[in-house]
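# Examining the three-dimensional arrangement
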Amino acid sequence: QVQLVESGGGLVQAGDSLRLSCAASGRIFGVYSMAWFRQAPGKEREFVAAISWNGDRTMYADSVKGRFTISRDGAKIMDALQMNSLKPEDTAVYYCAAGPRYSSDTADYGYWGQGAQVTVSS
């Protein structure tokens, strides 16, 4: 019913910044949280950041804390991930997700974007 679309991926150098955006289409019922996950080749999909339905709470993986910032515009059903001081190990496909729970677990998110490639060169 709800589709998510990421944008803003690309190729950058270590230390650079990049901003990913996620927009939802279709009709959404009830409140929802949004999150970002990423998956590097040969690795499991891992949690990156999440934001509550009203934007009052955020959480981050230890690996990105202090460098990445998640934000949202609830009225437009949109969120963004600002990524600063990027490292080569940040290279992955980044997925936007939405769900009824504020969580770091993939199982709590039922709606996913198609993924955006982020490549950080050394």
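An account of the accompanying structure is given in this report.

Cut-offs and rules
- Throughout, residues of each chain are indexed from 1 in the direction in which the sequence is written.
- Residue-level local features of this predicted model are given only where pLDDT is at least 70; pairs of side-chain atoms are given and counted only at 80 or more, and the full residue set underlies all totals for whole chains, interfaces and linings.
- Excluding hydrogens and water, the side-chain figures rest on all heavy atoms present in the structure.
- For the purposes of this entry, the term helix denotes a DSSP run of H or I that reaches at least four residues, the term strand denotes a run of E that reaches at least two, and both are numbered from the N terminus.
- Note on terminology: pairs of cysteine sulfur atoms within 2.5 Å are recorded as disulfides.
- Each residue is placed in one exposure class: buried if its accessible area under a 1.4 Å probe, protein chains only, is under 20% of its type's maximum, exposed if it is over 50%, and partly exposed if it falls in between.
- We define a polar contact as two N or O atoms separated by no more than 3.5 Å, with the added condition that, inside protein, one atom must be a possible hydrogen donor and the other a possible acceptor, whereas residues neighbouring each other in sequence contribute only through side-chain atom pairs.
- Throughout, a residue-residue contact means that at least one pair of heavy atoms, one from each residue, lies within 4.5 Å.
- For this analysis, a salt bridge means a side-chain nitrogen from Lys or Arg found within 4 Å of a carboxyl oxygen belonging to Asp or Glu.
- In short, DSSP must find at least two bridges between two strands for them to pair.

## Structural notes on unusual backbone geometry
- We note that Ser-85 has phi near 50°; this positive angle belongs to a residue other than glycine.
- Relative to the elements of secondary structure, Ser-85 occurs in the loop between strand 8 (78–83) and strand 9 (92–99).

## Brief notes about the state of the cysteines
- Summed over the entire model, instances satisfying the criterion amount to one disulfide.
- The side chain of Cys-22 participates in a disulfide bridge whose partner is Cys-96; the two sulfur atoms lie 1.9 Å from each other. With the S-S bond torsion at -80°, the cross-link from Cys-22 to Cys-96 turns out left-handed. Of the two residues, Cys-22 is situated in strand 3 (residues 18–25) and Cys-96 in strand 9; the sequence distance between them amounts to 74 residues.

## Notes on the side chain of Asp-90
- Note that Asp-90 resides in the loop between strand 8 and strand 9.
- Looking at Asp-90, the relative accessible area reads 1%, which means it is buried.
- From its side chain, Asp-90 meets the backbone nitrogen of Lys-87 in a polar contact 2.8 Å long.
- The contact partners of Asp-90, leaving out residues within four places of it in the chain, are Arg-38, Arg-67, Phe-68, Ser-85, Val-118 and Val-120.

## Topic: the pattern of salt bridges
- Enumeration according to the criterion identifies five salt bridges in this entry.
- One salt bridge connects Asp-90 with Arg-67, and the closest N-O pair in it is separated by 2.8 Å. Highlighted residues: Asp-90 in the loop between strand 8 and strand 9 and Arg-67 in the loop between strand 6 (58–60) and strand 7 (68–73), separated in sequence by 23 residues. A single burial state applies to Asp-90 and to Arg-67, both of which are buried.
- Several salt bridges share partner residues, and in doing so they unite Arg-38, Glu-46, Arg-67 and Asp-90 into one network.

## Examining the environment of Gly-26
- For Gly-26, the position within the fold is in the loop between strand 3 and strand 4 (33–39).
- Residue Gly-26 is classed as partly exposed on the basis of its relative accessible area, which comes to 48%.
- Residues Gly-26 and Leu-4, 22 residues apart in the sequence, show an inter-C-alpha distance of 9.1 Å.

## Remarks on the pairing of strand 3
- On strand 3, burial follows the alternation: Leu-18, Leu-20, Cys-22 and Ala-24 on one face are buried, whereas Arg-19, Ser-21, Ala-23 and Ser-25 on the facing-out side are not.
- Across five bridges, the pairing between strand 1 (residues 3–7) and strand 3 is antiparallel. Each bridged residue has a counterpart across the sheet, and for Leu-4 the counterpart in strand 3 is Ala-24.
- Two elements, strand 3 and strand 8, share six bridges in a ladder whose sense is antiparallel. Considered in strand 8, the bridge of Ala-23 is made with Met-78.

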